[in-house]
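# Tertiary structure, described
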Amino acid sequence: MLPKKPGANKISVEENLNELFALDAKVTQASPYILPLETPEALLNFLTKDHKSDTYIWNDSNGNLVGFFSIINPLNEALIEVLNICIDPDSQRQGYGKKIMLFAEKLAREAGKKKIKLVTNIKNTPAITFYKSIGYTIVQEIKNYYSDGETRYMLEKSLSEK
Ligand SMILES: CC(C)(COP(=O)(O)OP(=O)(O)OC[C@H]1O[C@@H](n2cnc3c(N)ncnc32)[C@H](O)[C@@H]1OP(=O)(O)O)[C@@H](O)C(=O)NCCC(=O)NCCS
């Protein structure tokens, strides 16, 4: 069962795969241009095999699940990557995405990292607007990034020393 603590909770993707896949499918249905992961196994592979990421859920103040996200924290690099951020369509535009990204920044600073990067489809205008609103800048445009024929932007945010 998923933890109920408000805010971020690190979880095992394998042990909570059905709940994560249900939320991912709901978000994908509502948002074109995010990478479709068609089966629970595809989601598990993407998060744990294709990428070695840590996955967290975010609960609202009553302990209800509002989203999940994954972070790649490479040992020998000065950055972390937010691989995946997914807010339940019923809970979007309520500030949870921003809270999650602030949590990722805190985690990065604590790990001594200098910046955060992420990748999003160039057609995903809502996500690009979201990232720009919290200080991210487009640094690169990459064709066929996930081998799905789609072009993606890489965005970055430098972390201040504070
Ligand atoms: C993109 C996403 C993570 C944003 O999370 P969120 O919780 O809805 O965003 P927040 O409420 O924290 O928004 C913060 C600010 O970002 C901007 N923003 C967020 N969503 C936006 C949208 N759909 N259109 C325009 N601006 C948006 C706004 O400036 C917003 O502030 P405001 O609501 O006071 O105007 C979320 O909508 C989501 O999960 N989308 C589907 C999956 C996805 O595309 N993930 C990113 C793939 S890389």
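Heads up: the structure comes first, above all this text.
This text gives an overview of the structure that appears in the document. Not measured: the values here are computed from a predicted model.

## Considerations on the site of the ligand
The environment of the ligand is formed by 20 residues, the closest being Ile87, Gln92, Gly97, Lys98 and Pro126. Those elements giving two or more residues to the shell around the ligand turn out to be β4 (79-87), α3 (96-110) and α4 (125-133). Residue contributions to the shell around the ligand peak at 5 residues, all from α4. Looking at side-chain class alone, the shell around the ligand contains 9 nonpolar, 9 polar and 2 charged residues.

## With respect to the pairing of strand β7 (residues 152-158)
The pairing of strand β5 (residues 115-121) with β7 spans 7 bridges and is antiparallel. Within the sheet, the bridge partner assigned to isoleucine 116 lies in β7 and is lysine 157. As paired elements, strand β6 (residues 137-142) and β7 share 5 bridges and run antiparallel to each other. Bridging from a neighbouring strand, isoleucine 142 pairs with arginine 152 of β7.

## Side note on unusual backbone geometry
Not every positive phi belongs to a glycine, and arginine 93 is a case in point at roughly 60°. The topology assignment puts arginine 93 in the loop between β4 and α3.

## Some words on the sheet that holds strand β1 (residues 7-11)
Pairing is mixed in the open sheet, where 7 strands are placed in the order β1-β2-β3-β4-β5-β7-β6. Every other strand in the sheet has two partners, leaving β1 and β6 as the edge strands with one partner each. Between one strand and the next, the sheet's axes are offset by a mean angle of 30°, whatever the strand orientation. For β1 and strand β2 (residues 54-59), the ladder comprises 5 bridges, and the chain directions are antiparallel. Following the sheet pairing, glycine 7 is matched in β2 by asparagine 59.

The rules behind each value
Residues numbered from 1 in each chain as written. Predicted model: local features only at pLDDT ≥ 70, side-chain atom pairs only at ≥ 80, totals over all residues. Near = placed C-beta within 6 Å. Helix = DSSP H or I, 4+ residues; strand = E, 2+ residues; numbered from the N terminus. Nonpolar A, V, L, I, M, F, W, Y, C, P; charged D, E, K, R; others polar. Pairing = 2+ DSSP bridges. Axes fitted to C-alpha atoms, helices over the stretch in contact; angles between N-to-C directions.

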